[in-house]
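Residues per chain, in single letters:
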Amino acid sequence: MATFLYRLGRLAFRRRHFVALIWVALLTLAGVGAASAPVAGSSSFSVPGTEAQRAFDLLEQRFPGMSADGATARVVFKAPGGEKVTAKDNKAVVEKTVRELRAGSEVVSVADPFAAHAVSKDGSVAYAQVKYKVSGMELKDASKDALKEAAQSARGSGLTVEVGGDALSAVPETGSTEIIGIAVAAVVLVITFGSLMAAGLPLLTALIGVGIGVSTITTLANALDLGSTTSTLATMIGLAVGIDYALFIVSRYRTELAEGREREEAVGRAVGTAGSAVVFAGLTVVIALVGLAVVNIPMLTKMGVAAAGTVAIAVLIALTMIPALLGYAGRRVKPAGEKSRLLGGGRATAGKDRPNMGTRWASFVVRRPLAVLLLGVVGLGAAAVPAARLQLGLPDDGSQPTSTTQRRAYDLLSEGFGPGFNGPLMVVVDAKASDDPKAAVTTVTSDIKGMKDVVTVTPATYNKSGDTAMITVIPGSKPSSGTTEDLVHGIRDAGVGIKADTDAKLLVTGTTAMNIDVSQKLNDALVPYLALVVGLAFLLLIVVFRSILVPLKAALGFLLSVTAALGAVVAVFQWGWLSGLMGVEETGPIMSMMPIFMIGVVFGLAMDYEVFLVTRMREAYVHGETPGQAIVTGFKHGARVVTAAAVIMIAVFSGFIGSSESMIKMIGFGLAVAVFFDAFVVRMALVPAILALLGRRAWWLPKWLGRVLPNVDVEGESLRTAADADRGSDRELVRA
């Protein structure tokens, strides 16, 4: 591989105009497609194989045109202090608002609060339920605007009016902190390279890669049902890896220049060595992201595949466009150890022969490996303690900021009708096989009324043929509580006995039941996902490092860092530690898909650092150094760059903490913390400590396995051999 990438790098350097033209054309094409494509909302949400999804599918068949999964809105009215909504003037305002809401082209029905008995016992709060033909993701802006205008008009009469439900789902905003993250990355690059030109190349190529990736996602959004969250996550990951991959190749290029090589030769060697590490690092990230398909949640699969595509683009750009841009830059990119005139007068760095910080740190770890190992493991273990109290769930309007109308509507409904009113359960009774469908439905209603934590059970609504019924159950507890989850399981357990007695099937659905099913599905998929992703990456790393223990150590170190990061997420978003600093207004259960998504992304990024750092050690070891010397050499050349890469990733991920979308905020924080733990504790401390303790055993590989495995030559040994052969030929010619 090193030889192929060496030739590719030199070709891109020589044919720089052609390479640059190709990437600019791709960016333009993707941009035109994105500009002409309609704006995407959130992607549709379905969870195949769950009871809640089967119930929705059944309702679509038995209640055609009902739009069981259509968007809903609850317009909540509260009378001024001391008044009631049933008062003449207030009632007139509510009825007028209901008439305005019914005029919408996408509206299926609007329930009048006074006819539907949707007024609280004290008469202070009422709500109108609005049902739409399409889901909240597909709802037109005109329908959302009409809903907001109707509420605003009613507020003018003195009533408090708020709107809840999924009809007002909005595209998340990332906030200005994303720009700050990119600015921090730019500063780190300038400090690392000592050159504005060298620092600008990784930023430029990363932005081009993300631009192509996100524009392609936007172009295909409607055809493939890709939501706005997909683009945000692709941007987050694409920026981080795009900057880092380019950073490693530019850094190796400067090192090759410092060793006296011509620029074209230096480019070829940089792509042949650091480029090989980029390819395998990118492969681990792609495996981790595409592996999300194991969960079998379409939205999660699409997010993973889209982000993986952006990572693949970042790898290709690093291997081709970076060499081309280095050709354009010429002498403005200085050899390692030199700065540009603007940042240091172009003179060699003082103290050039003095060991750098990476060398001094690695030497210390090699001398005290056991102490460093114990300290690192204990520290990560302490950070991981909160993860033992992890509670999973999916967000509802109760997790929204208090400044939003959805959250205020949620609070008003809880005040007027009880906390469980915000999470009603829909019980579907399929009595098609029953001899007496109505008797079966009556039995179901009676059994549910007798259950603990049930406040209200509405009369059954039958379909035209009378063989299927819907029953709404109002729990006594809020939607995200463990008590409500126990009630859902209790109703489902009761369905087993009902089916045996009446031949009627009972299914529980609704937003609350769907959230419970999703959480369970994600929990069940966690172990298979870990086995698949870690297993494939383990095999890949065996090929890269030609070792058994090094990949094993890499996987165990990842488990430590990701568990510690989950502990930090629990401490902030569930327990509320430093929640004000992070802009978390409401603590609660951790989003169900957060752990598995974070595991996938962090595993790929953790293997990036493993590949980038340990390949330099492997390269030194293969070239004859002792195991201890190889560790120090690896840190001498790689520690500064890996540190810069980690700081850049942390900055980029931290930029997404300012998002208005709770999932994006949580993932941004979790990834930033995970990168910190993995880069600075696991890779910088635990990895050299373990390798020092293992010695030569770290690079052991059974002979039979060595014969079977392909030699991908990540260390670039073939390039060195070819160079030695060329020098030998030159000497022979001189003698002749």
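Residues numbered from 1 in each chain as written. Predicted model: local features only at pLDDT ≥ 70, side-chain atom pairs only at ≥ 80, totals over all residues. Heavy atoms only, no water.

A. Highlighting the overall build of the protein. Helix and strand content of the protein: 24 helices and 11 strands. Over its C-alpha trace the protein gives a radius of gyration of 30 Å, about what one expects of a compact globule, namely 27 Å for 736 residues. Dimensions of the protein, computed from the C-alpha atoms along their principal axes, are close to 110 × 50 × 45 Å. Counting all 736 residues of the protein, 55% fall into the buried class. Put simply, of all contacts in the protein between residues at least 6 apart along the chain, 79% involve residues at least 24 apart. Carbon and sulfur atoms provide 60% of the accessible area of the protein, an area that totals close to 31,100 Å². (Helix = DSSP H or I, 4+ residues; strand = E, 2+ residues; numbered from the N terminus. Rg over C-alpha atoms; globule rule 2.2 N^0.38 Å. Buried < 20%, exposed > 50% of the residue type's maximum accessible area, 1.4 Å probe, protein only. Contact = heavy atoms within 4.5 Å. Areas by Shrake-Rupley, 256 points an atom, 1.4 Å probe, with all protein chains shown as cover.)

B. Expanded view of the sheet that holds strand β1 (residues 72-78). An order of β2-β3-β1-β4 is seen for the 4 strands of this open sheet, with the pairing classed as antiparallel. Either end of the sheet is taken by a strand with one partner, and the two such strands are β2 (107-111) and β4 (160-164). Taking the axes of each pair of neighbouring strands and ignoring which way they run, one obtains an average angle of 15° across the sheet. Sheet topology places β1 next to β4; 5 bridges connect them, and they run antiparallel. Paired with K78 across the two strands is T160, which belongs to β4. On the sheet, helix α5 (residues 141-155) packs against β1, β3 (125-132) and β4 and is oriented at approximately 160° with respect to β4. (Pairing = 2+ DSSP bridges. Axes fitted to C-alpha atoms, helices over the stretch in contact; angles between N-to-C directions.)

C. Spotlight on the packing of aromatic side chains. A complete count under the given rule lists 10 aromatic pairs for this structure. Taken together, a centroid distance of 5.1 Å and an interplanar angle of 65° make the contact between Y127 and F421 edge-to-face. Highlighted residues: Y127 in strand β3 and F421 in the loop between α14 (405-417) and β6 (425-430), separated in sequence by 294 residues. When the centroid spacing of 4.8 Å and the interplanar angle of 80° are considered together, the rings of F558 and F603 count as edge-to-face. Within this pair, whereas F558 is found in helix α18 (residues 549-574), its partner F603 is found in helix α20 (residues 594-622), the two being separated by 45 residues in sequence. Since its relative accessible area comes to 1%, F558 is described here as buried. Over the ring of Y462 we find K438, and its NZ or CZ is 5.8 Å from the ring centre. (Phe/Tyr/Trp six-rings, centres within 6.5 Å; stacked < 30°, edge-to-face > 60°. Lys NZ or Arg CZ within 6 Å of the ring centre and 35° of its normal.)

D. Region of the structure containing the environment of V642. Tracing the backbone shows V642 in helix α21 (residues 627-654). What makes V642 buried here is its relative accessible area of 1%. In this structure, the C-alpha to C-alpha distance between V642 and D244, residues 398 residues apart in sequence, is 8.6 Å. When residues no more than four places from it in sequence are discounted, the contact partners of V642 are F248, Y609, F612, L613 and M684.

E. The arrangement of the packing of helix α9 (residues 263-290) against α20 in detail. For the pair α9 and α20, interaxial distance at closest approach is 8 Å and the crossing angle is 165°. By the criterion of interaxial angle, the relationship of α9 to α20 is roughly antiparallel. For α9 against α20, the interelement crossing comes out right-handed. Along its contact with α9, which presents A277, V278, A281, G282, T284, V285, A288 and L289, the element α20 presents G600, V601, G604, L605, M607, D608, V611, F612 and T615. In terms of residue class, the contact of α9 with α20 is built from 11 nonpolar, 5 polar and 1 charged. (Parallel < 35°, antiparallel > 145°, perpendicular 65-115°, else oblique. Left-handed = near helix turned anticlockwise from the far one by under 90°. Nonpolar A, V, L, I, M, F, W, Y, C, P; charged D, E, K, R; others polar.)

F. Here's a closer look at a nonpolar patch on the surface. Side chains of V294, L532, L536 and L539 sit close together on the surface and give an oily, nonpolar patch of about 320 Å² of accessible area. As for its placement among the helices and strands, V294 is situated in the loop between α9 and α10 (298-329). (Patch = residues over 30% accessible without salt bridge, like charges linked within 9 Å, V, L, I, M, F, W, Y side chains within 5 Å. Salt bridge = Lys/Arg side-chain N within 4 Å of Asp/Glu carboxyl O.)

G. Broad picture of the pattern of salt bridges. Counted under the stated rule, the structure contains 17 salt bridges. The partner of R10 in a salt bridge is E265, and the shortest N-O contact between them spans 3.2 Å. Of this pair, R10 sits in helix α1 (residues 2-14) while E265 sits in helix α9, placing them 255 residues apart in sequence. Because the salt bridges share partners, they merge into one network encompassing R10, R14, E264, E265 and R269.

Worth remembering: the numbers are spatial, not functional.
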